[in-house]
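Structural characterization, general
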Amino acid sequence: MEVLQRDPDTPGPPHGPPSDPLSAVTGQPLCCPNHEGKVGLGLGGAVVCIVVWGTVWVAWVAVGQVMEFYCEPCETAMCRDCTEGEHREHLTVPLRDVVGQHRAALQQQLDAVRSRLPQLAAAVGLVSEISQQLGQRRREAEAEIGSTFEELEAALRQRRGVLVRDLEATCGAKQKVLQAQLESLRQGQESILSSCAFTEQALDHGTASEVLLVKKQMSERLSELASRDFPEHPQENAQLDYLVETEGVRRSILNLGVLVTTSATAHKTVATGEGLRQAVVGQPSSLSVTTKDKDGELVRSGSASLRFQVTAPDGGAAEAEVTDNKNGTYELLYTPRAEGDFLLSILLYGQPIRGSPFRVRAVKACDVPPSPDDVKRRVKSPSSGHIRQKAVRRPSSMYSSGKKKENPIEDELIFRVGSRGREKGEFTNLQGISTSSSGRIVVADSNNQCVQVFSNEGQFRLRFGVRGRSPGQLQRPTGVTVDMNGDIIIADYDNRWVSIFSPEGKFKTKIGAGRLMGPKGVAVDRNGHIIVVDNKACCVFIFQSNGKLVTKFGSRGTAERQFAGPHFVAVNNKNEIVVTDFHNHSVKVYSADGEFLFKFGSHGEGNGQFNAPTGVAVDANGNIIVADWGNSRIQVFDSAGSFLSYINTAAEPLYGPQGLALTSDGHVVVADSGNHCFKAYRYLQ
């Protein structure tokens, strides 16, 4: 039988038609497909209509041609005549053998697919449970929100009542004084009017004897009234003002409460670090967890429900610590107390992350070979034998990876260059630092009154600058930047101008003379404009590259468009201007035209606080990196000014960091002014 067509007016089966509908009825194949259309050749047959799964199948049945063989090359069943005809050179086998094999293969596939049903049922149950928990948490959070605001409303009503009562008491006390004064004045007024009327009556109408009779009495009365001290000046005032600062409260109310959640999923979240491979008895071992969402994208917010449990070889629980970096990454720390295999279980929202639980063997310290990277070495510049440069490398940490990450997290020192001195590669109070796309690091060596240039690897390349107050000379270089042409732009604080040099250190021109009072930081925006922070004038100047002033903004003070000793400046990928406000302990962000956008930071030592910020840089993701001078640290913020993390500088602590920049290969370089050197740190973006 050959299936010729399906009736178009009937729907198809849910899983496709059987390979041989008639065989489903008779139990054996009845026709050979190779005889299709041979009715006219005299072969007997008939058209048969069969209904299978609600579908009408029209078939041609060739009488007497039973399919008994199978052609493997053509993958078709046939009758004996066909094996001797067009398939005579093909490999044919008995059809029953092939059907048995196919049945077995299909049964195996069927069993494999059916075995997934328990997994799907478990997944349905888990997802349903999480959905129910989410709904329950929504209701609980809604109740908590309602309770919070009801309490606030009650507190507002209570405060209103207190203020009204205070108002009534204060007003009543003032009125009591004024009413007593009014009573005294009115009594005096009545006494004077009465005495005057009596005296006038006696004078106008009294006889001589009557006047003489009352003269002495009235004279004494009038004298007493004339000399009496009346309370003629107000003994109280009418001030009863209501003063309230609502802006801060309103801002607090508008920002009151926050919903904390993440999109992190356990099956996509990963753990990395040396602590997953081995541990040393008695020494802290660490690993990092990077949370990801269902699509494998990094989650940039913290506060996820992460549980870290360490099971010791004896079955007991070892101490474990979790640190939330608030950027989607977490640092996990544990200290093995004995040798053996430890089990590390990491659960995210109650579910194991990818690879969890992990097995880690703890060994004694004497069994761990020393790392060759633990050796400090001195690197000399190929250009000069007397240049003193130190390059210090540390062992790879848990954050080391050949692949860049999107989240900026704690990184490590790559090298340091310099010491105190006046030779090439030495510094005395270095200030600004900048980088170029061609792989150069440019440093403003302030007290040595010069500029030094290095490679991205810290190798000395160039030094230029002559002390003086003439064009082309440097008196006190502070800020430095490199424009898109490679020209080096230097803010000269004492000369009160900005000098521009070629990449080779040849003087080209100066700008800002006569306008600037104490230029400190300098940057170039995407339009080629030169942005100068005037530390002494507490303002920001924007110049064209030819020195023509475009605009300026800022003054001394604490307001949004005011500064107190601004230091350095950077430009983000939106052409927005980021300025560190030294004495106001904050960072302020402005549009390219100088309109205030937002600020962040306050005075202190906590996360996101500053003690006199100095250097600033912006990475490709818009994250803002700030040198915290007074706290001797480097902090990382997102593009909106929210704290993300610190850069780890614990190996060789900073001492009064000044300018900082990002190199073309993605590292952070910072001018460590107190240690008279600059340092490079690995920075993961």
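Parameters at a glance
Residues numbered from 1 in each chain as written. Predicted model: local features only at pLDDT ≥ 70, side-chain atom pairs only at ≥ 80, totals over all residues. Heavy atoms only, no water. Helix = DSSP H or I, 4+ residues; strand = E, 2+ residues; numbered from the N terminus. Contact = heavy atoms within 4.5 Å. Areas by Shrake-Rupley, 256 points an atom, 1.4 Å probe, with all protein chains shown as cover. Salt bridge = Lys/Arg side-chain N within 4 Å of Asp/Glu carboxyl O. Buried < 20%, exposed > 50% of the residue type's maximum accessible area, 1.4 Å probe, protein only. Lys, Arg positive; Asp, Glu negative; His and termini not counted. Polar contact = N/O pair within 3.5 Å; in protein donor to acceptor, adjacent residues only side chain to side chain. Phe/Tyr/Trp six-rings, centres within 6.5 Å; stacked < 30°, edge-to-face > 60°. Pairing = 2+ DSSP bridges. Axes fitted to C-alpha atoms, helices over the stretch in contact; angles between N-to-C directions. Parallel < 35°, antiparallel > 145°, perpendicular 65-115°, else oblique. Nonpolar A, V, L, I, M, F, W, Y, C, P; charged D, E, K, R; others polar. Disulfide = S-S within 2.5 Å. Core = buried A, V, L, I, M, F, W, Y, C linked by side-chain atoms within 4.5 Å. Left-handed = near helix turned anticlockwise from the far one by under 90°.

Turning to the overall build of the protein chain, a few remarks are in order. Check the secondary structure of the protein chain and you find 6 helices and 44 strands. Excluding contacts between residues fewer than 6 apart, the proportion of contacts in the protein chain whose partners are at least 24 apart in sequence is 53%. Carbon and sulfur atoms make up 51% of the accessible area of the protein chain, which totals about 37700 Å².

Moving on, we come to the pattern of salt bridges. If you walk through the whole model with that rule in mind, you get 18 salt bridges. A salt bridge links arginine 416 to glutamate 652, with the nearest nitrogen and oxygen atoms 3.0 Å apart. Taken as a pair, arginine 416 in strand S19 (residues 413–417) and glutamate 652 in the loop between strand S41 (643–646) and strand S42 (657–662) lie far apart in primary sequence, 236 residues in all. Here arginine 416 matches glutamate 652 in class, with each residue buried. Two residues, lysine 679 and aspartate 672, come together in a salt bridge whose shortest N-O distance is 3.0 Å. For aspartate 672, a relative accessible area of 0% translates into the label buried. Connected through salt bridges with shared partners, the residues Arg137, Glu140 and Glu144 form a single ionic network.

Let's shift gears to the side chain of arginine 440. Turning to its location among the elements, arginine 440 is positioned in strand S21 (residues 440–445). One buried charge, arginine 440, has no salt-bridge partner; the nearest side chain with opposite charge is glutamate 504, at 6.3 Å. Among the polar contacts made by the side chain of arginine 440, one reaches the main-chain carbonyl oxygen of proline 503 at a distance of 3.0 Å.

Residue position: aspartate 487 is located in the loop between strand S24 (477–482) and strand S25 (488–492). For aspartate 487, the side chain forms a polar contact with the side chain of lysine 508, separated by 2.7 Å. With sequence-adjacent residues up to four places away left out, aspartate 487 is seen in contact with Thr481, Val482, Ile500, Phe501, Ser502, Pro503 and Lys508.

Throughout the structure, instances matching the rule amount to 19 aromatic pairs. With a centroid separation of 6.1 Å and 70° between ring planes, the pair formed by phenylalanine 308 and tyrosine 334 is classed as edge-to-face. Note that phenylalanine 308 is positioned in strand S10 (residues 306–311) and tyrosine 334 in strand S13 (residues 329–334), a separation of 26 residues in sequence. Relative accessible area serves as the criterion here: at 2%, tyrosine 334 is assigned to the buried category. Ring plane angle 45° and centroid distance 4.9 Å describe the contact between phenylalanine 464 and phenylalanine 501, whose orientation is recorded as tilted. Of this pair, phenylalanine 464 sits in strand S23 (residues 460–464) while phenylalanine 501 sits in strand S26 (residues 497–501), placing them 37 residues apart in sequence.

By the secondary structure assignment, threonine 261 is in the loop between helix H6 (246–254) and strand S7 (270–272). Remark: the alpha-carbon pair of threonine 261 and alanine 304, spanning 43 residues in sequence, is separated by 6.8 Å.

Right, let's get into the sheet that holds S24. Pairing within the open sheet is antiparallel, and its 4 strands lie in the order S24-S25-S26-S27. The sheet is open, and its two borders are formed by S24 and strand S27 (507–511), each paired with just one other strand. With strand direction ignored, the average angle separating the axes of adjacent strands in the sheet is 20°.

With that settled, consider the pairing of S26. Remark: a regular strand shows side chains that alternate across the two faces of the sheet. Buried residues dominate S26, accounting for 5 of its 5 residues. Residues Trp497, Ser499 and Phe501 line one face of S26 and the alternating positions Val498 and Ile500 line the opposite face, and both faces are buried. Bridging between S25 and S26 involves 5 bridges; their strand directions are antiparallel. By the bridge assignment, isoleucine 490 is partnered in S26 with serine 499. What sits between S25 and S26 in their antiparallel hairpin is a turn of 4 residues, with arginine 496 showing a positive phi close to 60°. Of the strand pairs in this sheet, S26 and S27 are connected by 4 bridges, and their pairing is antiparallel. Bridge assignment links phenylalanine 501 to a residue of S27, and that residue is phenylalanine 507. A loop of 5 residues connects S26 with S27, the two strands running antiparallel in sequence, and glycine 505 in this loop sits at a positive phi of about 90°.

Here we take up the sheet that holds strand S12 (residues 320–324). Paired through their backbone hydrogen bonds, the strands of a sheet run either parallel or antiparallel. Pairing within the open sheet is antiparallel, and its 4 strands lie in the order S7-S9-S13-S12. Lying at the two open borders of the sheet, with one neighbouring strand each, are S7 and S12. When the angles between neighbouring strand axes are averaged without regard to direction, this sheet yields 25°. Strand direction decides the pairing type here: S7 and strand S9 (residues 285–290), joined by 3 bridges, are antiparallel. The residue bridging alanine 271 from the neighbouring strand is valine 289, located in S9.

One can describe the packing of helix H3 (residues 95–114) onto helix H4 (residues 116–205) by two numbers: an axis separation of 5 Å at closest approach and a directional angle of 15°. Accordingly, the angle class assigned to the pair H3 and H4 is roughly parallel. Packed against H3, whose contacting residues are Ala112, Val113 and Arg114, the element H4 presents Arg116, Leu117 and Pro118 at the interface. A breakdown of the residues in the contact of H3 with H4 according to their chemical character gives 4 nonpolar, no polar and 2 charged.

A few words now on the state of the cysteines. Summed over the entire model, instances satisfying the criterion amount to 0 disulfides. Looking at cysteine 71, it has no disulfide partner, and the nearest cysteine sulfur is the one in cysteine 74, 3.7 Å off.

Let us now look at the nonpolar core. By size, the foremost hydrophobic cluster in this structure holds 24 residues, and its most contacted members are Leu287, Leu344 and Ile346. Mapped onto this core, the elements with two or more residues apiece are S9, S10, S13, strand S14 (340–348) and strand S16 (358–363). Broken down by element, the residue count for this core peaks at 4 residues, all from S14.

Here we take up unusual backbone geometry. With an omega of 5°, the peptide bond between serine 356 and proline 357 qualifies as cis. Along the chain, proline 357 falls in the loop between strand S15 (351–352) and S16. Positioned with a positive phi, glutamine 449 is a non-glycine residue whose angle comes to about 55°. With respect to the helices and strands, the residue glutamine 449 is situated in the loop between S21 and strand S22 (450–455).

All right, on to the packing of H4 against helix H5 (residues 208–227) then. Two numbers describe how H4 lies on H5: the axes approach to 10 Å, and their chain directions differ by 155°. Viewed along their axes, H4 and H5 adopt a mutual orientation that is roughly antiparallel. Note that H4 runs across H5; the crossing there is left-handed. Contacts from Ser191, Ile192, Ser195, Phe198, Thr199, Ala202 and His205 of H4 reach H5 at Glu210, Val211, Val214, Met218, Arg221, Leu222 and Leu225. The residue makeup of the contact of H4 with H5, split by class, is 8 nonpolar, 4 polar and 2 charged.

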